[in-house]
Amino acid sequence: MEPPRLYVDVDGAGPAVVLAHGFGGSARNFGPQMRALKDRYQVVRYDARGHGRSDAPSEPEAYTPAAFVVDMGRALDEVGASSAVVGGLSMGAGTALRFAAAHPDRVRGLVLSAFPAGADDPEGFAGKALRFAETIEREGLEAAGEEYVWGPKTRLDRNAVNFVQQGFLEHPPHALALTLRGVIAAQPSVAAMRADLASLRHPTLIIVGSVDGPSRRASEALAATLPQARLVVVPGAGHVVNLQKPDEVSAAMHGFLDGLG
């Protein structure tokens, strides 16, 4: 299968930092962090397959965790970076961690924001993924988004609703449904990954909002498992922590990157 075309944004110069967005987002979601980091770092952002301006294959087998890991490597290759700090938000954080496990020699450090809870967490997004996919196919993106993304039951950060809603509705419905089934629903718990994670020695910054219950539980478990992890809990922030508290997240990332030397 021919790999899909990826839309890649590159800003700044210096050591490479690759940032992968969450489900239903795009490279635009890391705009605040790009602007904060680009004076000292080459910030690489890309739209995941099936999202935004990247291609959206129609085959279910194109949407797997392994395929998303391959795409992160392709983003590094796009800028000629043999290694980089890699990270992301939610789904993107899950991809970055898998990438580090698969290609440890290409990773200088990890920045994991709003790490996704596994499918075993009843409040987490992964546990709702299959129902979410069915709602997209049955009722369309807007109704599904109201139910699972920005509606009153979702507890999304209210000042991020308009941005998230606009971005979510630009994606091909079939691609979001396939991503939910093939990637989001396949997210394991940190406990299930513990044996594999213990061998990861990369410096790691874990960022999570204080009121993002499922991701906070996953992030705390991750910080206790990874040997070189530092956890930053952002007061008053929900799941889309980098958009709700952009200055705090950007400052934490800048400090972490500067400390890598």
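Analysis parameters
Residues numbered from 1 in each chain as written. Predicted model: local features only at pLDDT ≥ 70, side-chain atom pairs only at ≥ 80, totals over all residues. Heavy atoms only, no water. 1 Å grid on protein atoms, 1.4 Å probe; cavity = no way out; pocket = protein on both sides within 12 Å on 5 of 7 lines; lining within 4 Å. Points joined across faces, edges and corners; volume = space filled by probe spheres on them. Helix = DSSP H or I, 4+ residues; strand = E, 2+ residues; numbered from the N terminus. Nonpolar A, V, L, I, M, F, W, Y, C, P; charged D, E, K, R; others polar. Contact = heavy atoms within 4.5 Å. Buried < 20%, exposed > 50% of the residue type's maximum accessible area, 1.4 Å probe, protein only. Core = buried A, V, L, I, M, F, W, Y, C linked by side-chain atoms within 4.5 Å. Salt bridge = Lys/Arg side-chain N within 4 Å of Asp/Glu carboxyl O.

**Considering empty space enclosed by the protein**
Per the counting criterion, the structure on display carries one cavity of 30 Å³ or more. Its volume calculated, the largest cavity comes out at about 70 Å³. Along the walls of the largest cavity sit Ala20, His21, Tyr46, Ala48, Phe68, Asp71, Met91, Gly92 and Thr95, which together make up its complete lining. Taken together, the elements giving at least two residues each to the lining of the largest cavity come down to helix H2 (65–78) and helix H3 (91–102). It is H3 that contributes the most residues to the lining of the largest cavity, three residues altogether. Looking at the lining of the largest cavity residue by residue, the classes come out as five nonpolar, three polar and one charged.

**Considerations on the side chain of Asp71**
One can find Asp71 in helix H2. Setting aside anything within four residues of it in sequence, one finds Asp71 in contact with Leu6, Tyr46 and Arg49.

**Brief notes about the side chain of His21**
The topology assignment puts His21 in the loop between strand E2 (16–20) and helix H1 (31–37). Residue class for His21 comes out buried when judged on its relative accessible area of 3%. Setting aside anything within four residues of it in sequence, one finds His21 in contact with Ser26, Ala27, Phe30, Tyr46, Asp47, Ala48, His51, Leu89, Met91 and Gly92.

**Topic: the environment of Phe256**
Positionally, Phe256 belongs in helix H11 (residues 246–259). Phe256 gets classed as buried once you look at its relative accessible area, which sits at 11%. What Phe256 contacts, discounting residues up to four positions off in sequence, is Val85, Leu110, Val111, Pro203, Thr204 and Leu205.

**A short note on the nonpolar core**
Counting residues in hydrophobic clusters, the biggest one holds 50 residues, and the most contacted among them are Phe23, Phe132, Phe168, Leu180, Leu205, Ile207 and Met253. Among the elements that make up this core, the one with the highest residue count is helix H7 (residues 173–184) (seven residues). Residues Leu76, Val86, Val107 and Phe115 belong to the second largest nonpolar core, which totals 32 residues.

**Remarks on the pattern of salt bridges**
According to the stated counting rule, one finds 14 salt bridges in the structure shown. Linking Arg40 and Asp258 is a salt bridge whose minimum nitrogen-to-oxygen distance equals 3.5 Å. Of this pair, Arg40 sits in the loop between H1 and strand E3 (42–46) while Asp258 sits in helix H11, placing them 218 residues apart in sequence. Ionic pairing is found between Arg138 and Glu139, a salt bridge with its closest N-O pair at 3.3 Å. Overall, Arg138 belongs to the exposed group, its relative accessible area being 56%. For Glu139, a relative accessible area of 48% gives the class partly exposed. Residues joined by salt bridges that share partners form a network here, namely Asp9, Asp11 and Arg45.

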